[in-house]
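# Structure assessment
Listed below are the residues making up each chain.
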2 protein chains.
Amino acid sequence: MSELIERLAEGLPEDALLTDPDVLASYANDMASFCPAGAPTAVVVPRTVEQVQHTLRTANDLRVPVVPQGARTGLSGAANATDGCVLLSLVRMDRILEINPVDRIAVVEPGVVNATLSRAVNEHGLFYPPDPSSWEMCTIGGNIGTGSGGLCCVKYGVTAEYVLGLDVVLADGRLLTTGRRTAKGVAGYDLTRLLVGSEGSLGIVVRATLALKAEPSRQLALAAEFPSTDAACDAVCRIMEAGHTPALLELMDRTTVRAVNDMTKMGLPETTEALLLAAFDTPDPAPQLRAVGDLCAAAGASEVVPAEDQAESEMLLQARRAALTALEAVKGTSMIDDVCVPRTRLADLLTGTAEIAERHNLTIGVCAHAGDGNTHPTVCFDATDEDESRRARISFDEIMELGLRLGGTITGEHGVGLLKKTWLAEELGPVSLDLHRAVKSAFDPHGILNPGKLF
Amino acid sequence: MSELIERLAEGLPEDALLTDPDVLASYANDMASFCPAGAPTAVVVPRTVEQVQHTLRTANDLRVPVVPQGARTGLSGAANATDGCVLLSLVRMDRILEINPVDRIAVVEPGVVNATLSRAVNEHGLFYPPDPSSWEMCTIGGNIGTGSGGLCCVKYGVTAEYVLGLDVVLADGRLLTTGRRTAKGVAGYDLTRLLVGSEGSLGIVVRATLALKAEPSRQLALAAEFPSTDAACDAVCRIMEAGHTPALLELMDRTTVRAVNDMTKMGLPETTEALLLAAFDTPDPAPQLRAVGDLCAAAGASEVVPAEDQAESEMLLQARRAALTALEAVKGTSMIDDVCVPRTRLADLLTGTAEIAERHNLTIGVCAHAGDGNTHPTVCFDATDEDESRRARISFDEIMELGLRLGGTITGEHGVGLLKKTWLAEELGPVSLDLHRAVKSAFDPHGILNPGKLF
C-alpha cells in the first residue's frame, strides 16, 4: 500500500476510500469529447468537511494532485483524472441544510442535485433559477465550479448570481468561509465570486449559501418559424431592443429541429430554417406574447404560434431540452461548443458557423440561448471515421476563433477545463493570465488543486 | 521639486498635476466621520488611460502610495489621503463611450456621475438600477470601488451585479482587461467581481462595461404606519415570505420621521413609531399594493395609505431620500452606519440599537433598506461636545458588534475604508484575512495602492 493510501485511510471510513482499478477507471472522465483522462490513484467519497480536510492535508503534504468531482456531467474535461491524482467525489455530501423563505436562502452541501434543490424550494413557494440541461443529474457543487447556466439565464442570470457565501476547504486543509447570508454585503474582497467558476483550482466547496427568488407564474411560450437564421436573430434583437424580458428566448436551427423530430417524433416544422421559442412567466403574459409575436412577424417570421396552454408550452420546451441528445444521435458522437457573443453579433456567428460546416463537409446543428447570445454549435460526427473526427476538431476551434473575433467569449456556461485551455489564454491575454497564475499561487502554492486545467 | 513631482510632470499635462497646498488639502477627505486624513504630495487629475499608467508606473518605481478618488462622497474614509501619497482623481475621465440598447450595455469612463448615466440610458428606454443617496454627485468609478447600493437593491441588487467587464491599470502600470461585453461568460477567474468593492486596493478602474435593464414602469408606492419597529419588521418579513418583489421596501423610525419633518415640513405622521414605504414598478402594481397593504395591516399597521398617483409616490420617496441629511441636521453631526442582517433578524437589530442609544443617552435614528435587511443607524451628536462624541463612537462600534452577532455584515453598501478596518478583520476571520493579503500581494506586490485601508 502506498504512503498516500495509507495516510488517507487513517482519516477516512473504509467506504470513503476506493482503490479498486475498475472503480477508479469508472470515475476517470466527465462527459467532454476529445479530452484525455489520466489514471487516478484513489477515489475519495467523503461525507464530512473533516474528511475533505484530511484528504487535502494529506495530498498537500505529499504533493499529490486532487481533482474534485460532482456528477461528472461537465462538458469540458474539468473533472477528468490526472495521472496519480486523488479524485475527490462530493456526491455523498448531499444534504439540504436549510431553506428559509423569509431570508430567501438555501444552505446546501455540494452534492445536492440541482433538480432536488429546485423541487425542494418550490415546496416553499421559492425558485432556484439555474437550470442546466443536466439538471436532473448535475450537482450544485459542480454548477458552482463551472458557473453553469441554462434556459433561465436571459431573465435570471447564471449560477454565480445565486451564490451568497461558501465554505471552502483550501489546498492546505484550512476551512475558509466567504460571503454572507444577508441580501447585501460588501465587506472585503469578493472571494465568493472568485471561487465560482474556478473549476476546483482554488479550493473545494463543502457548503454553499444560495439566494432564492420568489416562485414566478408558470411560463407561457410561443414558437415562431423563420425562413433564415438571419431573420430569427433579427427578431431576437428587436425583442430585446423593445425592452422585453422573456423568461427564455431560445433558437433551434433546421439541423437541430430535424434531429429532435427524428428522435422524438414531435412533428416540429422541418421546412423552416430557424425556430424561435419565447416564454414569459409574468402573471399576465398574453400582452407580452402578442407584442413578441408581432416583432417576430416584422422580422420576417413565416408563422407565429402561441401555445394554447401550459401543456403546449411545456411540450415546446421539452423539444428544446431534447436538442443536445438528439444532435448526438445524428452520427453517434457530438462535440458541443458554448460560444457567447453580443446579441448584435448572433446572426454573424450563425452564418459563420454554417460556412465552417460547409467548408469541412460537416453537420453542425446550432441551438442557442439566443436572448443571451449564447450558442451551442454542435458538431455531429462519426467517431470511428478518423478524417471526420479530425475535421470535427478543426471546425470546433474555428468556431471559437470566430466567436472571439465577434467580441464574444469561448464559454458562456460550460467552463474551460481541458477542452478550451489553449483558447482561454487567447481570450485572456498575457496580463490577465499572469494575474490568474498569481491568484492561483495565493490559494494553492504547491499547485495540487486540479492542475493542468483552465490555464 | 521632488523627484516624484518631476517624474510625474514628464508624462502629464500641466493642468493634470496639482501641487498647491490649499488645493491638496481640499482633496484630502471623503465624507466619513472620525477618519483621519494624511497630507498628500500631489493630486493627479488624468484625462487618459496613458496618464493613469504613467502615474502608476512612477509611483510604483518610487514606492509612493496612490489613493484613487471619485467624487469623494464615500462614507468610510476609503478615499482619504495617506501621508505623502498621490491622490488620483478620476473625475475628468467622464465620457459615456457607448450605450447599446440591443446588447443592453453601456461603456463608460470612471468619472461619469451616476445620475448622468442613469438619465442618458433612460433616453434609450434603458435602466441603470444602482441609486446610492449621493447619485447626483457620486461617480461610477467610486460606485465600483465601494460596491454601492441604494433603494433599488431589494429588487435589482447592488453595483456589482451590473459590472460586466473592466479596464484596470495595475500597480505597475500595465493595463488589465477583465470580463466581457456578452450577457454571459465564465472564461477564467472572475477578476471583475474581485475588483468591484476592492476600494482601489487592487487596481485603478479606467473603463467599465455595465449591464443595463429595460426601463420598468414608474413606481407606485404605499406608506404604512406602525405602533412599533417590531411590527414594521414583522410586516417586512411577511411581505418577503409571501413572495412579493417590491422595487423598494424602506423603513424610517420615529426619530428619522421627525428629523425629516423638521427639515422639510412634509408633515409625515410623527405619532407613529415606524413608517414603512413599499413600491412596485410592474405594469399593474395595484393588486400587489393591495396585498402588501393587507399584510401590513395583519402585522399591526395603524394606517395604510396607498399613494393616489405617481406624484404622491415621488413625494414619499423624497422624504426617504432626505433622511440622512435630516438626521445630520438634528445635532450638527451624524455618523452613519451600514449594518446588514438577515431580514429575519431586522427587528432584533432595531431593538438592540434602541437599547444602545438609551444606554449611552444618544439620539440614533434608523432608516433602512428594510427589504434587504440593510440598516443605516445614524448617530446624531454635537461634535463640539467631547463626551457625546466619545459616546457616539462607542455606540457605533456596539452596533457593528450587534450586527455580526445577528449573523450580519458590517457593511451592506458603504464599504470598509478606514472606518471599519478593525471590524473587517473581525468579520472575515484569520483564514480569509490571510487570503485577502495574498490576493493583495498578487496584484500589488509593493503595496502602493491605497495602503492602510480595508485591512
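Please read these numbers as outputs of a predicted model, since none were measured by experiment.

## Quick look at the sheet that holds strand 10 (residues 204–211) of chain A
Residues and elements named next belong to chain A. Strands sit in the order 5-6-10-8-9 across an open sheet of 5 strands; the sheet is antiparallel. Only two strands of the sheet have a single neighbouring strand rather than two, namely strand 5 (96–100) and strand 9 (175–179). Averaged over all pairs of adjacent strands, the angle between their axes in this sheet comes to 10°, without regard to strand direction.

## Comments concerning the UniProt feature "domain: FAD-binding PCMH-type" (unreviewed entry) in chain A
As recorded in UniProt, the sites labelled "domain: FAD-binding PCMH-type" (unreviewed entry) are residues 36–215 of chain A. Taken as a whole, residues 36–215 of chain A contains 22% helix and 24% strand, while its terminal C-alpha atoms sit 41 Å from one another.

## Thoughts on the relation of the copies chain A and chain B
Mapping chain A onto chain B is achieved by rotating through 180° and translating by 0.0 Å along the same axis, at an RMSD of 0.0 Å. Taken together, the rotation angle and the small translation identify this as a two-fold axis. By residue overlap, the copies meet face to face through one surface: 100% of the interface positions of chain A are interface positions in chain B.

## Re the sheet that holds strand 15 (residues 303–306) of chain B
Residue and element names in this part refer to chain B. With respect to topology, 7 strands assemble into an open sheet ordered 15-12-14-13-17-18-16, the strand pairing being antiparallel. Edge positions in the sheet fall to strand 15 and strand 16 (333–336), since each of these pairs with one other strand and no more. The sheet shows a mean angle of 15° between the axes of neighbouring strands, direction not considered. Strand direction decides the pairing type here: strand 17 (residues 363–369) and strand 18 (residues 374–381), joined by 7 bridges, are antiparallel. In the sheet register, His369 faces strand 18, and the bridge partner there is Asn374. Here helix 9 (residues 254–264) sits on the sheet and contacts strand 13 (248–253), strand 14 (274–280) and strand 17; the angle it forms with strand 13, its principal contact strand, is near 85°.

## Let's talk about empty space enclosed by the protein
Residues and elements named next belong to chain B. Counted according to the given criterion, the structure contains 4 cavities of 30 Å³ or more. Considering only enclosed or pocket space, the largest cavity measures out at about 60 Å³ in volume. If you go around the largest cavity, the residues you meet are Asp131, Pro132, Ser133, Trp135, Gly150, Leu151, Arg320, Arg321 and His369. Residue classes in the lining of the largest cavity are distributed as 3 nonpolar, 3 polar and 3 charged.

## Describing the interface of chain A and chain B
At the junction of the two partners, chain A supplies 73 residues and chain B supplies 73 residues. Between chain A and chain B, roughly 5,700 Å² of surface is buried when both sides are summed, and carbon and sulfur atoms account for 62% of that area. Of all residues in chain A, Lys184(A), Val186(A) and Tyr189(A) give up the largest surface area on contact with chain B, accounting jointly for 17% of the area buried on that side. On the surface where chain A and chain B come into contact, there are 8 salt bridges. A salt bridge links Asp434(A) to Arg174(B); its shortest N-O distance comes to 3.0 Å.

## Details of the packing of aromatic side chains
Working definition: an aromatic ring pair is given by the centre-to-centre distance plus the angle between the planes. All names here are of chain B. What the rule picks out here adds up to 8 aromatic pairs over all chains. Measuring from centroid to centroid gives 5.7 Å for Phe34 and Phe381, while their planes differ by 20°, and the two rings are stacked. Taken as a pair, Phe34 in the loop between helix 2 (21–26) and strand 2 (42–44) and Phe381 in strand 18 lie far apart in primary sequence, 347 residues in all. Given a relative accessible area of 38%, Phe34 falls into the partly exposed group. For the pair Phe127 and Tyr156, a centre-to-centre distance of 5.0 Å together with 85° between the ring planes defines the contact as edge-to-face. One end of the pair, Phe127, is in strand 7 (residues 126–127); the other, Tyr156, is in helix 6 (residues 153–156), with 29 residues separating them in the sequence. Comparing Phe127 with Tyr156, the two get one shared label, buried.

Definitions and cut-offs
Residues numbered from 1 in each chain as written. Chains lettered and ligands numbered in written order. Predicted model: local features only at pLDDT ≥ 70, side-chain atom pairs only at ≥ 80, totals over all residues. Heavy atoms only, no water. Pairing = 2+ DSSP bridges. Helix = DSSP H or I, 4+ residues; strand = E, 2+ residues; numbered from the N terminus. Axes fitted to C-alpha atoms, helices over the stretch in contact; angles between N-to-C directions. UniProt positions renumbered as here; feature names shortened; annotations may be inferred. Least-squares fit on C-alpha atoms with pLDDT ≥ 70 in both. Contact = heavy atoms within 4.5 Å. 1 Å grid on protein atoms, 1.4 Å probe; cavity = no way out; pocket = protein on both sides within 12 Å on 5 of 7 lines; lining within 4 Å. Points joined across faces, edges and corners; volume = space filled by probe spheres on them. Nonpolar A, V, L, I, M, F, W, Y, C, P; charged D, E, K, R; others polar. Buried area = accessible area lost by both parts, 1.4 Å probe. Salt bridge = Lys/Arg side-chain N within 4 Å of Asp/Glu carboxyl O. Phe/Tyr/Trp six-rings, centres within 6.5 Å; stacked < 30°, edge-to-face > 60°. Buried < 20%, exposed > 50% of the residue type's maximum accessible area, 1.4 Å probe, protein only.

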